[in-house]
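Here are the chains, one letter per residue:
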Amino acid sequence: MAIPSSVSRATYGVVLGACLVPFDVAALAAAGVWSVAGGLVPGARERRDRVLTAAVAVHARRLERWLGRPAGAPTATDRRARYLAVRLVVGLTGLGVLLLLAYGVLAAALMIASWAFDLRVQALTNEEGEPTTGLTILSAAVPGVLLLYLAVMGLVGTAALERAAAARYLGHEDPAELVSRIESLVASRAGIVAAVEAERRRVERDLHDGAQQHVVALGMLVDRSRRATDDAARDALLAQAADETARLLTAVRDVAWSVHPTALDTQGLRPVLRRLTARSTPPATLDYRVPGRVPPSVEACVYYVVAEALTNVGKHARASRVDVVVAPSDGAVVVTVEDDGVGGAGSGTGRGLAGLAARAGSLGGTLDVRSPAGGPTAVRAVLPCA
């Protein structure tokens, strides 16, 4: 029967942790030396922090790779030191279990080799030794099985201790980190409120300047046709009213599309972005690499990022081309819109980009704008979609 992959991976993690015991001792000793020299040697505390950070990073990668336990990176120095101290005890425990297991395997191998050697000698000398009875076999097998069981349980227990130590000291429990997250959420909420208000005003302005004008013109044409006495004039006015109705529908559809493109729900993100880039001025190329569908909120955010970035390029960049890339990356969707224009843009210079940054922040993502003077300008959004 094959050993489950989770068991074998945990065994590798415990073995590697036992091998890292000297590394932990050296890291704690170096951190202790730099702590003592903190008031005497300039930069001693920074060196101590670097030593502890490097040691914890090694174990964090080991935990994630072999023990299936994603570990954070605590910002407090004392938490790193406490973790390494606890990890040293756990590592010594794992080392003892491995030595016990190695002793059992070696003892079994020597016993089997001794029996085989005795049988070989008896066959060559034609001498009869003491017969191997069932009691003799049991007297050797029972302690060996018990020893193997204890070693296996020791490996399982050591892996559990590794995970418990990581959860206790490397989890996201740092008060400073929690405060930072709360402040980020409060700022993100304020940005979302401002973005929603700006979007409401934009929709109101579009309806007033677009759809309302068409409604007024349509009403005037219908009223004139109703009062017309000449059949030819009435037909001409009704034809104009029909054209005005088509323009009104187009204006209303454009406003609705700017609020939420319904094609996202029915067709998905790729065809909507392809249509958006096809209408872009200057010409835009689309490189879409995301397989399948992503959550609707992420699709909408990707659409608005691309739409706003293309609008800004057309208005301000004086560019000749735009490259749009949508690609997956570690459980997130990364959107990049880059042009070859004059640059000089920034995330704080316009309400559109500020609203997009707030929208991305509400999803736990980020929006960055890199636009040095002389160009190029690159808008990059990272949107988690796990």
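To start, this report covers the structure provided alongside it. (Residues numbered from 1 in each chain as written. Predicted model: local features only at pLDDT ≥ 70, side-chain atom pairs only at ≥ 80, totals over all residues. Heavy atoms only, no water.)

Taken as a whole and judged by the stated rule, the model has eleven salt bridges. In this structure, Asp 231 and Arg 234 form a salt bridge, with 2.8 Å as the shortest nitrogen-oxygen distance. Here Arg 234 and Asp 231 lie together in helix 7 (residues 231-259), a separation of three residues that amounts to about one turn. For Glu 244, the salt bridge is made with Arg 247, and the minimal N-O distance between the two is 2.7 Å. One end of the pair is Glu 244 and the other is Arg 247, both in helix 7 and three residues apart, which spans about a single turn. (Salt bridge = Lys/Arg side-chain N within 4 Å of Asp/Glu carboxyl O. Helix = DSSP H or I, 4+ residues; strand = E, 2+ residues; numbered from the N terminus.)

It is worth spelling out the environment of Leu 185 at this point. In this fold, Leu 185 is placed in helix 6 (residues 175-227). Classification of Leu 185 as exposed rests on a relative accessible area of 59%. (Buried < 20%, exposed > 50% of the residue type's maximum accessible area, 1.4 Å probe, protein only.)

Turning our eyes to something else, we now look at the packing of helix 2 (residues 21-36) against helix 3 (residues 44-66). The geometry of a pair of packed helices is captured by two quantities: the angle between their axes and the separation between those axes. Relative orientation of the contacting elements helix 2 and helix 3 amounts to 160°, with a least axis distance of 8 Å. Taken together, helix 2 and helix 3 sit at an angle that is classed as roughly antiparallel. The hand of the helix 2/helix 3 crossing is left-handed. Residue-level inspection shows Phe 23, Asp 24, Ala 27, Ala 30, Ala 31, Trp 34 and Ser 35 of helix 2 in contact with helix 3, the latter providing Ala 44, Arg 47, Arg 48, Val 51, Leu 52, Ala 55, Val 58 and His 59. Taken together, the residues of the contact of helix 2 with helix 3 break down into ten nonpolar, two polar and three charged. (Axes fitted to C-alpha atoms, helices over the stretch in contact; angles between N-to-C directions. Parallel < 35°, antiparallel > 145°, perpendicular 65-115°, else oblique. Left-handed = near helix turned anticlockwise from the far one by under 90°. Contact = heavy atoms within 4.5 Å. Nonpolar A, V, L, I, M, F, W, Y, C, P; charged D, E, K, R; others polar.)

What follows concerns the packing of aromatic side chains. Following the criterion strictly, the structure yields two aromatic pairs and no others. With a centroid separation of 5.4 Å and 85° between ring planes, the pair formed by Tyr 12 and Trp 66 is classed as edge-to-face. Taken together, the residues Tyr 12 in helix 1 (residues 5-19) and Trp 66 in helix 3 connect sequence positions 54 residues apart. The class for Tyr 12 is partly exposed, based on a relative accessible area of 48%. With 5.3 Å between their ring centres and 70° between their planes, Tyr 303 and Tyr 304 make a pair best called edge-to-face. (Phe/Tyr/Trp six-rings, centres within 6.5 Å; stacked < 30°, edge-to-face > 60°.)

Now for the sheet that holds strand 3 (residues 332-339). Taken together, the five strands give an open sheet; going across it, the order is 1-2-3-5-4, and neighbouring strands pair in mixed fashion. Each end of this open sheet is capped by a strand with a single partner; those strands are strand 1 (284-288) and strand 4 (366-370). Taking the axes of each pair of neighbouring strands and ignoring which way they run, one obtains an average angle of 10° across the sheet. In terms of strand pairing, strand 4 meets strand 5 (residues 377-384) through five bridges, oriented antiparallel. By the bridge assignment for strand 5, Asp 368 is matched with Arg 380. (Pairing = 2+ DSSP bridges.)

Turning our eyes to something else, we now look at the nonpolar core. Judged by nonpolar contacts, the single largest core of 37 residues is most densely connected at Val 302, Val 306, Val 326 and Val 335. Counting only elements with at least two residues in this core, the list comes to helix 8 (263-267), helix 9 (269-278), strand 1, helix 10 (296-317), strand 2 (322-328), strand 3, helix 11 (351-362) and strand 5. In terms of residue count, the dominant contributor to this core is helix 10 (13 residues). The residues touching Val 326, leaving out its near neighbours within four places in the chain, are Leu 273, Asp 287, Tyr 288, Arg 289, Val 290, Val 302, Val 333, Val 334 and Val 335. If you look at the next biggest cluster of nonpolar residues, it comprises 20 residues, including Ala 18, Leu 63, Val 97 and Tyr 169. (Core = buried A, V, L, I, M, F, W, Y, C linked by side-chain atoms within 4.5 Å.)

Turning our attention to helix 9. Listing the buried residues of helix 9 in full gives Leu 269, Val 272, Leu 273, Leu 276 and Thr 277. One side of helix 9 carries all its buried residues, which in axial view fall inside an arc of 130°. (Arc of directions from axis to C-beta.)

So, on to the pairing of strand 3. Most of strand 3 sits inside the fold, with six of its eight residues counted as buried. The pairing of strand 2 with strand 3 spans seven bridges and is classified as antiparallel. Across the sheet, residue Val 326 finds its bridge partner in strand 3, namely Val 335. Between strand 2 and strand 3, which pair antiparallel one after the other, the connecting turn spans three residues, and Asp 330 there sits at a positive phi close to 55°. Sheet analysis places strand 3 next to strand 5, joined by eight bridges and oriented antiparallel. Its bridge partner lying in strand 5, Glu 338 is registered against Ala 378.

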